[in-house]
Amino acid sequence: MKNVTVLLLAVLASMAVSSAKAAVAVGENILINGALETDQQDLPLGWSMERLGYDLAGGPDGIPCVTFKYSGGGTYYHREMKQSGIRLSSQGRYRISAWVRPRDGFCAQGFKLCISADGEKTSHGVTELPPVGRWTKVSNEFSFVKAKGDCHFTVSVSEFHGSLDIADLRLEALDEAAAAGAEKAKLSKYQSAPRI
């Protein structure tokens with residue numbers, strides 16, 4: 001009986017691992033921690049970013065947000081936040097979206113909320129900023145052309161001054177074909193380790 005229990009647990013664990021690598025559901029957020037929550041850290045888990053502000057309840061309806069800010073003289077060259085290791089299908093349609101709020105006289109030469117593939121110069125996403133002062137949901141729907149290799153979800157701002165808040169980042173499959181070929185990024189062993 002003990003051997004049967006061990007075997008059953010091994011099969012269930014194997015199924016859990018394979019389902020973790022399985023396709024995502026239609027409408028599910030493909031990004032890890034698109035809600036930008038933290039787990040006893042200063043910045044959101046699953047994201048690569050430097051010199052960005054974070055507010056646990058500064059987003060619309062009190063959700064977390066990240067802030068690109070520069071208040072010095074002139075403009076700041078470039079800042080970005082990124083999540084790598086995402087897989088998308090070359091079939092079906094996707095939607096990329098986020099809540100965005102430019103404030104404090106924000107202006108920028110370049111803004112991108114986009115998904116791009118390794119070695120590709122083209123990207124899909126949003127490049128237009130909403131009006132200064134209020135939270136606005138921005139989004140774009142697209143078909144992804146390149147299926148091989150990893151993709152990167154990036155928010156980048158260049159030549160900017162003032163503050164730009166970003167919240168609730170999402171990348172969703174809009175149909176079964178897109179969902180079947182999509183995989184979330186994998187967290188590093190350090191990021192996925194339990195914390196006390």
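Okay, so let's go over this structure. None of the values given here were measured: they were computed from a predicted structure. (Residues numbered from 1 in each chain as written. Predicted model: local features only at pLDDT ≥ 70, side-chain atom pairs only at ≥ 80, totals over all residues. Heavy atoms only, no water.)

### Section: the overall build of the chain
(1) Moving on: The secondary structure content of the chain amounts to 3 helices and 8 strands.
(2) Moving on: Along the chain direction, N to C, the helices and strands of the chain fall in the order α-β-β-β-β-β-β-β-β-α-α.
(3) Moving on: Split into buried and exposed, the 196 residues of the chain put 38% on the buried side.
(4) Moving on: Counted over contacts in the chain with a minimum sequence separation of 6, partners at least 24 positions apart contribute 79%.
(5) Moving on: Of the roughly 10,700 Å² of accessible surface on the chain, 53% is carried by carbon and sulfur atoms. (Helix = DSSP H or I, 4+ residues; strand = E, 2+ residues; numbered from the N terminus. Buried < 20%, exposed > 50% of the residue type's maximum accessible area, 1.4 Å probe, protein only. Contact = heavy atoms within 4.5 Å. Areas by Shrake-Rupley, 256 points an atom, 1.4 Å probe, with all protein chains shown as cover.)

### As for the environment of Gly 105
(1) Moving on: With respect to the helices, strands and loops of the structure, Gly 105 is situated in strand β5 (residues 93-117).
(2) Moving on: Linking Gly 105 and Ser 163, residues 58 residues apart in sequence, is a C-alpha distance of 7.4 Å.
(3) Moving on: Filtering out sequence-adjacent residues up to four positions away, Gly 105 remains in contact with Val 132 and His 161.

### Some remarks on the packing of aromatic side chains
Both the distance between ring centres and the angle between the ring planes are used here to describe each pair of aromatic rings.
(1) Moving on: Evaluation of the coordinates by the stated rule reveals 6 aromatic pairs.
(2) Moving on: On the numbers, 5.8 Å between centres and 75° between planes, the contact of Trp 47 with Phe 153 is edge-to-face. One end of the pair, Trp 47, is in the loop between α1 (2-20) and β1 (48-49); the other, Phe 153, is in strand β8 (residues 151-173), with 106 residues separating them in the sequence.
(3) Moving on: Residue classification places Trp 47 among the buried positions, given a relative accessible area of 8%.
(4) Moving on: For Phe 153, a relative accessible area of 0% gives the class buried. (Phe/Tyr/Trp six-rings, centres within 6.5 Å; stacked < 30°, edge-to-face > 60°.)

### Examining the side chain of Arg 170
(1) Moving on: The residue Arg 170 is located in strand β8 in this model.
(2) Moving on: From its side chain, Arg 170 meets the backbone oxygen of Gly 27 in a polar contact 3.3 Å long.
(3) Moving on: Apart from residues lying up to four places away in sequence, Arg 170 is in contact with Gly 27, Glu 28, Asn 29, Leu 31, Arg 95, Ile 96, Ser 97 and Phe 153. (Polar contact = N/O pair within 3.5 Å; in protein donor to acceptor, adjacent residues only side chain to side chain.)

### Regarding the pattern of salt bridges
(1) Moving on: In the structure shown here, the tally under the stated rule is 9 salt bridges.
(2) Moving on: A salt bridge links Asp 104 to Arg 103, with the nearest nitrogen and oxygen atoms 3.1 Å apart.
(3) Moving on: For the salt bridge of Glu 183 with Lys 186, the shortest nitrogen-to-oxygen distance reads 3.4 Å.
(4) Moving on: Judged by its relative accessible area of 55%, Lys 186 falls in the exposed class.
(5) Moving on: Taken together, the salt bridges that share partners define one network made up of Arg 95, Glu 141, Arg 170 and Glu 172. (Salt bridge = Lys/Arg side-chain N within 4 Å of Asp/Glu carboxyl O.)

### Re the nonpolar core
(1) Moving on: In terms of nonpolar packing, the biggest core is built from 41 residues, with Phe 153, Leu 169 and Leu 171 touching the most fellow members.
(2) Moving on: Elements with a minimum of two residues in this core: β3 (65-70), β4 (76-86), β5, β7 (136-143), β8 and α2 (176-180).
(3) Moving on: It is β8 that provides the largest number of residues to this core, a total of 10 residues. (Core = buried A, V, L, I, M, F, W, Y, C linked by side-chain atoms within 4.5 Å.)

### Here we look at the side chain of Thr 67
(1) Moving on: Examined against the element boundaries, Thr 67 turns out to sit in strand β3.
(2) Moving on: A polar atom in the side chain of Thr 67 sits 2.6 Å from the side chain of Asp 165.

### So, unusual backbone geometry
(1) Moving on: For Asp 104, which is not a glycine, the phi torsion comes out positive at approximately 55°.
(2) Moving on: One can find Asp 104 in strand β5.
(3) Moving on: Within the chain, Glu 159 stands out as a residue other than glycine whose phi angle is a positive 45°.
(4) Moving on: One can find Glu 159 in strand β8.
(5) Moving on: Here Glu 159 falls in the partly exposed class, since its relative accessible area comes to 30%.

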